[in-house]
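A structural walkthrough
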Amino acid sequence: MSLFSELSEKIARKNLRIVFPESYDERIQGAVVRLKAEKLVEPVLLGNPESLKAKAKDRGFDLGDIEIIDPANYDDMENMVQAFVERRKGKATEEQAREILKDENYFGTMLVYQDHVDGLVSGAVHSTGDTVRPALQIIKTKPGVSLTSGAFIMIRNEAEKYVFADCAININPNAQQLAEIAVESAKTAEMFNIDPTVGLLSFSTKGSASSPEQEKVAEATKIAKELAPQYAIDGEMQFDAAFAHEVAMKKAPESDVAGKAKVFVFPEIQSGNIGYKIAQRLGGFEAIGPVLQGMNKPVSDLSRGCVEEDVYKLAIITANQALQD
Ligand SMILES: CC(C)(COP(=O)(O)OP(=O)(O)OC[C@H]1O[C@@H](n2cnc3c(N)ncnc32)[C@H](O)[C@@H]1OP(=O)(O)O)[C@@H](O)C(=O)NCCC(=O)NCCS
Ligand SMILES: CC(=O)OP(=O)(O)O
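First, a word on scope: everything that follows refers to the structure included in this document. Since the model is a prediction, treat every value here as computed from it, not as a measurement.

1. A look at a nonpolar patch on the surface
- Side chains of Ile274, Ile278 and Leu282 sit close together on the surface and give an oily, nonpolar patch of about 330 Å² of accessible area.
- Relative to the helices and strands, Ile274 is located in helix H12 (residues 269-281).
- Residue Ile274 is classed as partly exposed on the basis of its relative accessible area, which comes to 48%.

Right, dumping it as structure tokens:
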């Protein structure tokens, strides 16, 4: 059974409620109609019900009985404002909260925080910063996790499944942060039935070059192994050494990860974001994500370059995360 068939089966008819703040976007509308028809999630849209339905109809979609919440006429607004001020104690006044909550990502994130919905999918229109900032401020990370990071589930021909991280959030993580990203990425892999064998990537394999950048990855590897001895984690290594058995035999023959890694942890965001887009655009991989790792509740960001299928699949992933919470 394919990964997405399995994930769909797990959430079918569970009525998990996922909010899609970018409700006017055509890709979002197409995806929510499918998700609802297939009983995979209960989508919640934000906006004026009449104008949303009219826009959908123009595009040939029928929103039917999909729930629409109009933030401009939201019955529970007072409660939401108070909850926001309480959560952002000392960082936002009541007046500022009312203004901030006009932003659909903040409003949608508060619905998640207040348990009115089980998860959020956004980012088809907004940049990653504008999509995830509300979640970082309001939902925050799980106890024991100091930072969130963004992983992509990379799939080609169903048999080839990998996790790439961090491609989305932390611009230049230090060794401790990189180690945490590696451990969270192994957990993400497990959640989606991907072998959690982790390679921490660099331009150097096991000291073949020496620089502060390479040393950071070597140090992160050491910390990650201590943090999570249950996983096979190794580094620093070049991508070819991590991926290809014949190269691993030459560059790191003693490594239990080299040549076998399925989870690729990039040293900083530039290589991670560039790397996943190259695999997607030149390598023909589907790139689903970024899935935010280590958050208290599931919030997922999309790339602005996404298509309807990506929205559909990321919603399935987000609902699966909600099921496990
Ligand atoms: C994610 C990002 C937007 C956060 O930056 P920011 O908005 O300037 O964040 P701030 O430093 O003001 O922090 C805002 C809050 O988020 C928290 N935060 C920031 N980064 C975090 C992280 N990686 N994990 C968990 N929390 C984080 C801060 O602790 C802070 O919380 P507080 O307000 O309760 O004190 C920023 O790191 C970024 O732009 N990353 C790159 C995004 C991107 O363009 N990716 C490429 C496309 S996918
Ligand atoms: C994940 C990502 O790169 O997002 P965007 O394309 O929206 O910047």
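2. Things to note about the site of ligand 1
- Neighbouring ligand 1 are 18 residues, the closest being Arg88, Arg133, Lys140, Ala168 and Asn170.
- Here an oxygen atom of ligand 1 sits 2.8 Å away from a polar atom, N or O, in the side chain of Lys140.
- Backbone polar atom of Ile169 to a nitrogen atom of ligand 1: 2.9 Å apart, as the coordinates give it.
- Protein coverage of the free-state accessible area of ligand 1, which is 940 Å², stands at 61%.
- Only helix H7 (128-138) and H12 provide two or more residues apiece to the shell around ligand 1.
- A breakdown of the residues in the shell around ligand 1 according to their chemical character gives seven nonpolar, seven polar and four charged.

3. Some thoughts on the pattern of salt bridges
- Summed over all chains, the structure comprises 22 salt bridges.
- Of the charged contacts in the structure, one is a salt bridge between Asp65 and Lys36, with a shortest N-O distance of 3.6 Å. In this pair, Asp65 sits in the loop between helix H3 (49-58) and strand S3 (67-69) while Lys36 sits in helix H2 (residues 26-37), placing the two residues 29 residues apart along the sequence.
- Shared partners join several salt bridges into a network, and the residues in it are Arg34, Glu38, Glu286, Glu308, Glu309 and Lys313.

4. Here we look at the side chain of Asp25
- Secondary-structure assignment places Asp25 in the loop between strand S1 (17-20) and H2.
- By relative accessible area, Asp25 is classed as buried at 15%.
- There is a polar contact of 2.9 Å between the side chain of Asp25 and the backbone nitrogen of Arg27.
- Residue contacts for Asp25: discarding those within four places in its chain leaves Arg59 and Val125.

5. Focus on the site of ligand 2
- The full set of residues close to ligand 2 is Thr128, Phe152, Asn273, Tyr276, Lys277, Pro290, Ser303 and Arg304.
- Note that an oxygen atom of ligand 2 is positioned 2.7 Å from one of the side-chain N or O atoms of Ser303.
- The side chain of Arg304 places a nitrogen or oxygen atom 2.7 Å from an oxygen atom of ligand 2.
- The protein chains hide 87% of the 260 Å² of surface that ligand 2 would expose on its own.

6. Some thoughts on the packing of aromatic side chains
- Following the criterion strictly, the structure yields eleven aromatic pairs and no others.
- Look at Phe239 and Phe243: their rings are 5.5 Å apart centre to centre, the planes differ by 15 degrees, and that puts the pair in the stacked class. With a gap of four residues between them, Phe239 and Phe243 both fall in helix H10 (residues 239-243), about one helical turn apart.
- A relative accessible area of 37% means that Phe243 is categorised as partly exposed.
- Residues Phe239 and Phe264 carry aromatic rings whose centres are separated by 4.8 Å and whose planes lie at 45 degrees to one another, so their mutual orientation is tilted. Of this pair, Phe239 sits in helix H10 while Phe264 sits in strand S9 (residues 263-265), and the two are 25 residues apart along the sequence.
- Taken together, the ring pairs in this structure connect Tyr162, Phe164, Phe239, Phe243, Phe264, Phe266 and Phe285 into an aromatic cluster.
- The positively charged end of Arg34 is found above the aromatic ring belonging to Tyr312, 3.7 Å away from the centroid.
- The residue whose ring lies beneath Lys313 is Phe4, and the NZ or CZ to ring-centre distance is 5.0 Å.

Calculation rules
Residues numbered from 1 in each chain as written. Chains lettered and ligands numbered in written order. Predicted model: local features only at pLDDT ≥ 70, side-chain atom pairs only at ≥ 80, totals over all residues. Heavy atoms only, no water. Patch = residues over 30% accessible without salt bridge, like charges linked within 9 Å, V, L, I, M, F, W, Y side chains within 5 Å. Areas by Shrake-Rupley, 256 points an atom, 1.4 Å probe, with all protein chains shown as cover. Salt bridge = Lys/Arg side-chain N within 4 Å of Asp/Glu carboxyl O. Helix = DSSP H or I, 4+ residues; strand = E, 2+ residues; numbered from the N terminus. Buried < 20%, exposed > 50% of the residue type's maximum accessible area, 1.4 Å probe, protein only. Near = heavy atom within 4 Å. Polar contact = N/O pair within 3.5 Å; in protein donor to acceptor, adjacent residues only side chain to side chain. Nonpolar A, V, L, I, M, F, W, Y, C, P; charged D, E, K, R; others polar. Contact = heavy atoms within 4.5 Å. Phe/Tyr/Trp six-rings, centres within 6.5 Å; stacked < 30°, edge-to-face > 60°. Lys NZ or Arg CZ within 6 Å of the ring centre and 35° of its normal.

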